[in-house]
Amino acid sequence: MSAPLLETRGLTKTFGGLKAVQQIDLTVGANRIVSVIGPNGAGKTTFFNCLSGIYRPDGGTITLAGRDVTGRPPHQLCRLGLARTFQNIRLFPEMSVLENVMVAQFQHRALAPLPLLFRSAKYCAAEQAHRDEARKFLEFVELGGRANDPAGSLAYGLQRRLEIARALATQPKLLLLDEPAAGMNPQETAGMIGLISRIRDRGLAVLLIEHHMKLVMSISDEILVLDHGVPIAHGKPEAIRNDPQVIRAYLGEEIAA
Ligand SMILES: Nc1ncnc2c1ncn2[C@@H]1O[C@H](COP(=O)(O)OP(=O)(O)OP(=O)(O)O)[C@@H](O)[C@H]1O
Ligand SMILES: [Mg+2]
């Protein structure tokens, strides 16, 4: 049997005296949607920051497709098939929607300096191929009609879609989404559920942080619940929804909200 796409064992990150993430064991198989939920400050984003190489964990291991990648920097993890979006949108607002996607493609492009400098026929053909491919990613997230607009002119919900197109352009096997439906209305949230499902249909695995419980419960194969950095439950949506400890720590307040 092949190794799981992602595996963490005992993953731990502290900030001074604060244990932000404590002993997380998680396995994500190919083509799975796994959600990480929990109250504000539970350590969800810190967990993603460790997985994507932004933070070096203090303890534990991270394995990507059977390879120990603990402590590797973000660009290496990207090359190994891990991409992410951010809780706070990080686009180039002055650049066009299309250019924002093309920037991400550079991760996979071998650029020899001379053809680039002289813009040879071969270089121009490659450039056009990348442009066409970037347009396909935009069409996939339903932003094809906005390719030439400045990214900063898109409504908030559409910027979140553009972030996803940009992450997909790095050709990942595993996509980490940090609150992709934050600030969305019910209609936009339904659209995001559809988009995440289509990402899985492309053969990717998705690790998802979200506070929208309808979204989480409708598309997750499994859910990990964190509270004060500690995993307090892990299982299928139905079991998590009815777990008394999860209701006490998190879902009670979400349902009341
Ligand atoms: N760079 C940092 N330095 C110090 N403390 C940090 C740092 N990053 C996060 N923390 C702390 O670690 C804890 C976990 O934060 P984190 O952002 O991971 O929570 P979260 O679960 O993503 O919350 P939210 O749902 O609000 O996004 C919090 O107490 C936070 O203040
Ligand atoms: Mg967060």
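A. Region of the structure containing the nonpolar core. In this structure, Leu138, Leu162, Ile164, Leu175, Ile196 and Ile199 are the most contacted members of the largest nonpolar core, which totals 37 residues. Going through the elements one at a time, helix 3 (97-105), helix 5 (121-140), helix 6 (156-168), strand 7 (174-178), helix 7 (186-201), strand 8 (205-209) and helix 8 (213-219) are the ones with two or more residues in this core. Those residues in contact with Ile199, other than ones at most four positions away along the chain, are Phe140, Ile164, Leu168, Leu175, Leu204 and Val206. By size, the runner-up hydrophobic cluster in this structure holds 26 residues, among which are Phe48, Leu82, Leu224 and Leu226.

B. Broad picture of the coordination of the magnesium ion (ligand 2). Bound to the magnesium ion (ligand 2) are the protein donor atoms Thr45 (OG1) and Gln87 (OE1), situated 2.0 to 2.2 Å from the metal. With Thr45 in helix 1 (residues 44-51) and Gln87 in the loop between strand 6 (82-84) and helix 3, the pair connects residues that are 42 residues apart, well separated along the chain.

C. Main features of empty space enclosed by the protein. Summed over all chains, the structure comprises 1 cavity of 30 Å³ or more. Forming the boundary of the largest cavity are Cys50, Leu51, Gly53, Tyr55, Pro57, Ile62, Val69, Gly71, Arg72 and Leu77. A per-class count over the lining of the largest cavity returns 7 nonpolar, 2 polar and 1 charged.

D. Molecular detail of the site of ligand 1. In the vicinity of ligand 1, 15 residues are found, and the nearest of them are Gly41, Lys44, Thr45, Thr46 and Gln87. Between ligand 1 and Ala42, the relevant distance is 3.1 Å, taken from an oxygen atom to a main-chain nitrogen or oxygen of the residue. Contact with the protein chains removes 64% of the 640 Å² of surface that ligand 1 exposes when unbound. Counting residues per element, the ones that place at least two in the shell around ligand 1 are strand 2 (18-28) and helix 1. Looking at the shell around ligand 1, its residues break down into 6 nonpolar, 7 polar and 2 charged.

E. Examining the sheet that holds strand 3 (residues 33-37) more closely. Read across the sheet, 6 strands follow the order 6-7-8-3-9-10 without closing on themselves; strand pairing throughout is mixed. Whereas interior strands pair on both sides, the edge strands pair on one side only; in this sheet they are strand 6 and strand 10 (230-235). The mean angle between the axes of side-by-side strands here comes to 15°, regardless of whether they run parallel or antiparallel. The pairing of strand 7 with strand 8 spans 5 bridges and is classified as parallel. Directly across from Leu177, in strand 8, lies its bridge partner Leu208. Where helix 6 meets the sheet, its contacts fall on strand 6 and strand 7, and the angle it forms with strand 7 comes to roughly 155°. Contacting strand 3, strand 7 and strand 8, helix 7 crosses the sheet at an angle of about 150° to strand 8.

Quick notes on the rules
Residues numbered from 1 in each chain as written. Chains lettered and ligands numbered in written order. Predicted model: local features only at pLDDT ≥ 70, side-chain atom pairs only at ≥ 80, totals over all residues. Heavy atoms only, no water. Core = buried A, V, L, I, M, F, W, Y, C linked by side-chain atoms within 4.5 Å. Buried < 20%, exposed > 50% of the residue type's maximum accessible area, 1.4 Å probe, protein only. Helix = DSSP H or I, 4+ residues; strand = E, 2+ residues; numbered from the N terminus. Contact = heavy atoms within 4.5 Å. Donors = N, O, S within 2.8 Å, 3.2 Å for Na, K, Ca; no water. 1 Å grid on protein atoms, 1.4 Å probe; cavity = no way out; pocket = protein on both sides within 12 Å on 5 of 7 lines; lining within 4 Å. Points joined across faces, edges and corners; volume = space filled by probe spheres on them. Nonpolar A, V, L, I, M, F, W, Y, C, P; charged D, E, K, R; others polar. Near = heavy atom within 4 Å. Polar contact = N/O pair within 3.5 Å; in protein donor to acceptor, adjacent residues only side chain to side chain. Areas by Shrake-Rupley, 256 points an atom, 1.4 Å probe, with all protein chains shown as cover. Pairing = 2+ DSSP bridges. Axes fitted to C-alpha atoms, helices over the stretch in contact; angles between N-to-C directions.

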